[in-house]
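Structural features, examined
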There are 2 protein chains.
Amino acid sequence: MCGVSQDLSTTSYALLGLLVFDGSPSAGLTGYEVKQRADKTLRFYWVSPAMSQVYTELERLARTGLVSYTEEVAGQRRARRFTITACGQQRLQEWLAEPVESFPILKHPVALRLLMAGLVGPDRARTLLQDYLEQLAVRRQDLLEVRRSLGERAAVKYPAMVADWGLDYYDSEARIVQQLLDRLPSTG
Amino acid sequence: MCGVSQDLSTTSYALLGLLVFDGSPSAGLTGYEVKQRADKTLRFYWVSPAMSQVYTELERLARTGLVSYTEEVAGQRRARRFTITACGQQRLQEWLAEPVESFPILKHPVALRLLMAGLVGPDRARTLLQDYLEQLAVRRQDLLEVRRSLGERAAVKYPAMVADWGLDYYDSEARIVQQLLDRLPSTG
DNA sequence: TGTAGCATGTAAGCCGTTACATGATTGA
DNA sequence: TCAATCATGTAACGGCTTACATGCTACA
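Residues numbered from 1 in each chain as written. Chains lettered and ligands numbered in written order. Predicted model: local features only at pLDDT ≥ 70, side-chain atom pairs only at ≥ 80, totals over all residues. Heavy atoms only, no water.

**A short note on the domain arrangement of chain A**
All names here are of chain A. Under the domain assignment used here, chain A contains domain 1 (10-97) and domain 2 (109-183). A straight line from the C-alpha centre of domain 1 to that of domain 2 covers 29 Å. Facing the 5 residues of domain 1 at the interface are 7 residues of domain 2. Interface area, domain 1 with domain 2, both sides summed: about 630 Å², of which 63% is carbon and sulfur. If you sort the residues of domain 1 by the area they bury against domain 2, Arg43, Phe44 and Tyr45 come out on top, with a joint share of 73%. The partner of arginine 43 in a salt bridge is aspartate 142, and the shortest N-O contact between them spans 3.3 Å. Counting every contact that joins domain 1 to domain 2 gives 1 residue pair in polar contact (both at pLDDT 80 or more). (Domains from an automatic or database assignment. Contact = heavy atoms within 4.5 Å. Buried area = accessible area lost by both parts, 1.4 Å probe. Salt bridge = Lys/Arg side-chain N within 4 Å of Asp/Glu carboxyl O. Polar contact = N/O pair within 3.5 Å; in protein donor to acceptor, adjacent residues only side chain to side chain.)

Structure below.
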């Protein structure tokens, strides 16, 4: 059993991970619910895939036996609830045991623009950074709510650590951006 | 002139930006040189596109008149040197003036794995984070060399600010990861 | 009665990568 | 003469998004 088939994308493993942390493993999650959980946690450290991709990935994982599902048909629609299989858990654990080859990828539209700010001048650089500070505060608030919902339960110790990591990151990012603002020539 | 044609990808703008900072604007840069500069700076804040994509993008920018090139034929090969056009500079400035809609995207394989570390235990979590600290040190060193090469010249003030941002980011990341390590149960 | 949220999917297409193929130049 | 580096590209494909299409359920 558990034929290795081909490699999975990191996003596939991420979705498997969401299914593992499913609170009610007997029932499983719908694609819609998986997407909601991805929006809540995954988007801070990876990406939250589009709805359509969630379905595509779950379908693929089902075909390769890493997840299973129960189907309920209501009228013309079917509703599927997905659960990770023993194979799926094993694959996920193997993946977690592998050395991490890749460094984090940061796609930072603000830093990219600041790099070229010589073309548009310090006023634009300033608003760029100020706008970013505002976005950062919103994000931090979103993540803080996630962190609070985790509490101090031992079962979610690692997710809590990762959330704390994210909060610290946002704080340091805000500090750095503020310092950069201080380095810009003043308007007055 | 400067027909607006369609939207460019952020990566296209990034490449245009590399051409703007070309030290010798009369001669221009080859695709190969563009790739080298991307590897040097762009990869820290965006992505360094594959060689093949660099050529594809430059070709597209040339077709829409945002870059021009001079061609030298040597034997069976042609060597093209690309320069940004006035249109290209204008488009780039317009893009820089637009409000930034998107928040940075972080694809963090280490945080993603730590999230699920409950499946594999604290020892694996520890090596995960320790390995990451090592990678981080290497990266920081790479970026530090870039920073040093920029010096304090006014012409590269903004690139220097962005490099400093990156260095501060790596430092704070290392600090946070060290704190997380301290929270893990000790092996002994 | 209509709209918001729950729920599922297909199709088209872009962005980007890896693999592959080729050739020129320089120096050990 | 062989390897490294400079240099240019094509082909195939994967991952992911947007746009589109559909239908059920609850509630205002």
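**Details of the pattern of salt bridges**
According to the stated counting rule, one finds 22 salt bridges over all chains in the structure shown. In this structure, aspartate 164 of chain A engages arginine 147 of chain A in a salt bridge whose closest nitrogen and oxygen atoms are separated by 2.8 Å. Taken together, the positions of aspartate 164 of chain A in helix H7 (residues 157-183) and arginine 147 of chain A in helix H6 (residues 122-150) put the pair 17 residues apart, joining distant regions of the chain. Judged by its relative accessible area of 17%, aspartate 164 of chain A is buried. By relative accessible area, which is 10% here, arginine 147 of chain A ends up buried. Taken together, the shared-partner salt bridges connect Arg147, Glu152 and Asp164 of chain A together with Arg183 of chain B into one network. (Helix = DSSP H or I, 4+ residues; strand = E, 2+ residues; numbered from the N terminus. Buried < 20%, exposed > 50% of the residue type's maximum accessible area, 1.4 Å probe, protein only.)

**Considering the packing of helix H1 (residues 10-20) of chain B against helix H2 (residues 31-45) of chain B**
All names here are of chain B. It is the contact of H1 with H2, at a shortest axis distance of 10 Å, that shows an interaxial angle of 105°. Between H1 and H2, the interaxial angle falls into the category roughly perpendicular. Residues Ala14, Leu15, Leu18 and Leu19 of H1 form the contact with H2, whose participating residues are Val34, Arg37, Ala38, Thr41 and Leu42. (Axes fitted to C-alpha atoms, helices over the stretch in contact; angles between N-to-C directions. Parallel < 35°, antiparallel > 145°, perpendicular 65-115°, else oblique.)

**Points about the packing of aromatic side chains**
Per the stated rule, a full pass over the model turns up 15 aromatic pairs over all chains. Between tyrosine 132 of chain A and phenylalanine 103 of chain B, the ring centres sit 6.0 Å apart and the planes meet at 45°, which makes this aromatic pair tilted. Taken as a pair, tyrosine 132 of chain A in helix H6 and phenylalanine 103 of chain B in the loop between helix H4 (86-97) and strand S3 (105-107) lie in two separate chains rather than in one. Exposure remark for tyrosine 132 of chain A: the relative accessible area of 1% places this residue in the buried category. (Phe/Tyr/Trp six-rings, centres within 6.5 Å; stacked < 30°, edge-to-face > 60°.)

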